[in-house]
Amino acid sequence: PTCHKVYGEALAVLVGDGLQALAFDWLATRGGPRSLAMLAVLARAAGPLGMVGGQVLDLGTPLALADQAAVRTIHAAKTAALIRAALELGGLAAGAEADVLARLARLGMALGLCFQAVDDVLDVTGDAASLGKTPGKDRAHDKATLVAELGLEGARAEAARLAETARSELSGFDGPAVARGEALVARMLARRA
């Protein structure tokens, strides 16, 4: 069960706040010569231009006012911003060149958008036991989702298109990371929870 289920929403939110602060502390004290760049990436991804801003849009964009562009903006700012940041932070930690960092950012965005597209599909097709949450909540709360905008099959097609975009970005890399990346894309598309 999630922290929200075990300890309640208030404590779960505080745990998230605490973990976020620890991430900034870790980068500031152990991030090495690239710590400022890494802190900037994390701040953008977690703050008003990323996850927080995306959550605000998600809470305040009723389905009646949404379109596919609005849904994509919400998805890009929420999960996709964090996944993009994870890849960028890895690249920064490894001392990657600017072109590699840009490819990692595009790959992370495609992965994050794919994850969120699959999440929208699972809210319609999943079951409570697998999801760990009540399916159908998006529709019940009149949420702006890809399924609401494109229909179930359209949302599935969009997830597949985003997975292909991620695979395309992976083709610019070589070595064992490519196979791991392709496995991640396949797992993301096949996930049931």
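Residues numbered from 1 in each chain as written. Predicted model: local features only at pLDDT ≥ 70, side-chain atom pairs only at ≥ 80, totals over all residues. Heavy atoms only, no water.

Turning next to the overall build of the protein. The helix and strand tally for the protein stands at eleven helices and zero strands. Listing every helix and strand of the protein by position from the N terminus yields α-α-α-α-α-α-α-α-α-α-α. For a compact globule of 193 residues, the expected C-alpha radius of gyration is about 16 Å, and the protein comes in at 17 Å, within 12% of that figure. Viewed in the frame of its principal axes, the protein has a C-alpha envelope of about 50 × 40 × 30 Å. Residues counted as buried form 36% of the 193 residues belonging to the protein. Of the side-chain charges in the protein, 20 are positive and 21 negative, and the distance between the mean point of each set is 3 Å. (Helix = DSSP H or I, 4+ residues; strand = E, 2+ residues; numbered from the N terminus. Rg over C-alpha atoms; globule rule 2.2 N^0.38 Å. Buried < 20%, exposed > 50% of the residue type's maximum accessible area, 1.4 Å probe, protein only. Lys, Arg positive; Asp, Glu negative; His and termini not counted. Charge placed at Lys NZ, Arg CZ, Asp CG, Glu CD.)

On to the nonpolar core. Counting 26 residues, the largest nonpolar core has L111, C114, A166 and V185 as the members making the most contacts within it. Residue assignment for this core shows that the elements contributing at least two residues are α5 (68–77), α7 (98–125), α10 (146–170) and α11 (176–190). At ten residues, the largest contribution of residues to this core is made by α7. Leaving out residues up to four positions away in the same chain, L111 has contacts with I83, L87, A166, L184, V185 and M188. Judged by nonpolar contacts, the second largest core, of eleven residues, contains L27, L39, L42 and L89. (Core = buried A, V, L, I, M, F, W, Y, C linked by side-chain atoms within 4.5 Å. Contact = heavy atoms within 4.5 Å.)

Considering the arrangement of structural elements, one finds K133 in the loop between α8 (128–131) and α9 (137–140). With relative accessibility at 36%, the residue K133 sits in the partly exposed group. Taking C-alpha positions, K133 is 15 Å from A12, a pair spaced 121 residues apart along the chain. Not counting chain neighbours up to four residues away, the residues in contact with K133 comprise D119 and A128.

Here we take up the pattern of salt bridges. Applying the stated criterion across every chain, the model contains nine salt bridges. Residue R191 pairs with D119 through a salt bridge whose shortest N-O separation is 3.4 Å. Of this pair, R191 sits in the segment after α11 while D119 sits in helix α7, and the two are 72 residues apart along the sequence. Overall, R191 belongs to the buried group, its relative accessible area being 11%. Across the pair R156 and E153 runs a salt bridge whose closest N-O atoms are separated by 2.7 Å. Pair noted here: R156 and E153 are both in helix α10, with a separation of three residues, about one helical turn. Judged by its relative accessible area of 36%, R156 is partly exposed. The class of E153 is exposed, set by a relative accessible area of 53%. Linked by salt bridges that have partners in common, D58, K78 and K143 make up one network. (Salt bridge = Lys/Arg side-chain N within 4 Å of Asp/Glu carboxyl O.)

We now examine α11. Over its 15 residues, α11 extends 21 Å from the first C-alpha to the last, a length consistent with the 21 Å expected when each residue adds 1.5 Å. Within α11, burial applies to V178, G181, V185 and M188. Around the axis of α11, the buried residues are gathered within 90° of arc, so they sit on the same side. When the buried face of α11 is taken as reference, the exposed residues oriented beyond 90 degrees from it are P176, R180 and R187. Looking at the packing, one finds that the buried side of α11 touches α7 and α10. (Expected span 1.5 Å × (residues − 1). Arc of directions from axis to C-beta.)

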